[in-house]
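Now for the letters of each chain:
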Amino acid sequence: MLHSIVFFVATTYQQQRSSRSSLQETTNRTDEQSRWQRRTEKRRQRTEELLNSIEIGTSLSLLPKLQSEELTNLNIPTLGIPPSSAIDWNEIDPKLDPIRGGKLREGSQRGSRKRFQVEAFHFVVSEILNAQLHAQNSPFGVTIIDAGCGAGNLGISLAGLSDSSIINTKVLAVDVNEHALKRLSDRADAILSPEKLETVCADLANYDLILSKIPPNHSVIVVSLHACGAASDMAMNLAIRCNAPFILCPCCTAKSLTKRLPSNTEMRTTFDLSASFQRSGASADIKYPRSKWLMDKLYEYDSDVVEMTLEEKYTLLAKVADIGIGPQTMSQQRQQQARAKKIIELDRLLAASEEHGYDVRLMRITNHDPLVYSKGDLLIGGKDIAETLINLPEEGELHRQT
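The structure reproduced in this document is the subject of the present report.

Reading the values: rules and limits
Residues numbered from 1 in each chain as written. Predicted model: local features only at pLDDT ≥ 70, side-chain atom pairs only at ≥ 80, totals over all residues. Heavy atoms only, no water. Helix = DSSP H or I, 4+ residues; strand = E, 2+ residues; numbered from the N terminus. Buried < 20%, exposed > 50% of the residue type's maximum accessible area, 1.4 Å probe, protein only. Contact = heavy atoms within 4.5 Å. Pairing = 2+ DSSP bridges. Axes fitted to C-alpha atoms, helices over the stretch in contact; angles between N-to-C directions. Phe/Tyr/Trp six-rings, centres within 6.5 Å; stacked < 30°, edge-to-face > 60°. Salt bridge = Lys/Arg side-chain N within 4 Å of Asp/Glu carboxyl O. Parallel < 35°, antiparallel > 145°, perpendicular 65-115°, else oblique. Nonpolar A, V, L, I, M, F, W, Y, C, P; charged D, E, K, R; others polar.

Overview of the overall build of the protein
Working step 1: Helices and strands together make up the secondary structure of the protein, namely 12 helices and 9 strands.
Working step 2: The burial tally for the protein puts 50% of its 402 residues in the buried class.
Working step 3: Nonlocal contacts in the protein, meaning residues at least 24 apart in sequence, comprise 73% of its contacts between residues at least 6 apart.

This is the structure:
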């Protein structure tokens, strides 16, 4: 009897301890969740303040003859490609198609987007080449540098679709990833000669090495599709080094904030590029914000929530442009992402305009709604190409014409 009483008391005590412990854990989790929610709410408030401080009252016109636009307007003109310039994917060599040649799943969103991306780059490159040919009045050589080419969905298509009977065109595919270049070469060797496409394994920050591969008397166009983080800025710098036009579609803006680390503890001048986040980090010649316009805007902003440095303000913008701030509905997150990313991309373009006299334009690839997919912004720039940029058709104009 005594044993049963002792067992009952011990069991009851243990249950009470377990119950109190469980209650304490629940309380701790609730407190931690409340703290996280408060921190997140402050970040969201700072973000909204920062975006408003840059957008409200700001009107930009990147090119003469183009209407000045309030920055609060999220609408970026969508590039319209005339039917006569569209690529007939069923008629070209399958290896040039990012779906069949790149082995992307037929009917997938990724495959469909990749075709739209290749088509947009091909059209803009063709417009720039036609303008250059008209101005020069004689055939000439052009090297298209595909910066951060990956497995070659863009570079292979551009090399195969260019008409060398009019212009001697060559693609120089550059990437630091040897495995990606091997895949590119395996796919391209069957249909493209070395005179049409050449690969270079190099960090995009190694400008001198890359430019040493340009044949004599060739002009240059730099293209870059989804080069992560600062790799897109390196692609732009590469173009600026040789006064060349650029066409960029950047992604993963937060990766540009990564500090490149030496590959060993002896602080060598080389960097460990085996990790993708290191390849996407900014090289020493790239500082953020890139333009005086955004730097002035960020200096003007004073948070009502917490004091922030210039670096912290840009970091907040870049992260929101990449991943948004939770917890939000998907629509709210995409709205903030689109607002922040437009500012980040304008910062890049205005740096080329302010410091190097480039004509620049921001457009969007068709079927790349920023509230659905955030990697469709098209950054175009070059010296003395304002007329070409102004005349790039917008999707709405094509619909009205038809």
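Back to the text.
Remarks on the sheet that holds strand β7 (residues 246–251)
Working step 1: In space, the 7 strands of this open sheet follow the order β5-β4-β3-β6-β7-β9-β8, with mixed pairing throughout. Both edges of this open sheet fall to β5 (197–201) and β8 (359–364), since each of them pairs with a single strand only. Going across the sheet, the axis of each strand differs from the next one's by a mean of 20°, ignoring polarity.
Working step 2: Pairing analysis gives 3 bridges linking β7 to strand β9 (residues 377–382), with the strands arranged antiparallel. Within the sheet, the bridge partner assigned to I247 lies in β9 and is I380.

Concerning the pairing of β9
Working step 1: Counted residue by residue, β9 has 6 buried out of 6 residues, so it is predominantly covered.
Working step 2: Both β8 and β9 contribute to a ladder of 6 bridges, which runs antiparallel. Looking at the pairing, R361 lines up with I380 of β9.

With respect to the environment of D384
Working step 1: By secondary structure assignment, the location of D384 is in the loop between β9 and α11 (386–390).
Working step 2: Residues D384 and Y358, spaced 26 residues apart in sequence, show a C-alpha to C-alpha distance of 7.3 Å.

Some details on the environment of R183
Working step 1: Within the secondary structure layout, R183 lies in helix α4 (residues 178–188).
Working step 2: On a C-alpha basis, the gap between R183 and A151 in space is 5.6 Å, while along the polypeptide they are 32 residues apart.

Brief notes about the packing of aromatic side chains
Working step 1: Within this structure, the stated rule accounts for 2 aromatic pairs.
Working step 2: With 5.2 Å between their ring centres and 15° between their planes, Y288 and Y314 make a pair best called stacked. On the criterion of sequence distance, the pair formed by Y288 in the loop between α7 (276–279) and α8 (292–300) and Y314 in helix α9 (residues 310–323) is long-range, its members being 26 residues apart. For the pair Y288 and Y314, a shared accessibility class is recorded, and that class is buried.

Thoughts on the pattern of salt bridges
Working step 1: Summed over the entire model, instances satisfying the criterion amount to 16 salt bridges.
Working step 2: When the shortest N-O distance is used, the salt bridge between E198 and K170 registers 2.7 Å. On the criterion of sequence distance, the pair formed by E198 in strand β5 and K170 in strand β4 (residues 168–175) is long-range, its members being 28 residues apart.
Working step 3: Residue E198 is classed as partly exposed on the basis of its relative accessible area, which comes to 26%.
Working step 4: For D296, the salt bridge identified is with K292, shortest N-O distance 2.7 Å. Of this pair, D296 and K292 both sit in helix α8, separated by 4 residues, roughly a single helical turn.
Working step 5: In this structure, a network of salt bridges that share partners links the residues D233, R290, K341, E345, R348, R364 and D377.

Some points on the packing of α8 against helix α10 (residues 330–356)
Working step 1: Two elements in contact, α8 and α10, have axes whose closest approach is 7 Å; the angle formed by their N-to-C orientations is 125°. Here α8 is positioned oblique relative to α10, judged by the angle of their axes. Here K292, W293 and L294 of α8 come into contact with α10, specifically with I343, L346, D347, L350 and E354.
Working step 2: Across the contact of α8 with α10, the residue classes break down as 5 nonpolar, no polar and 3 charged.

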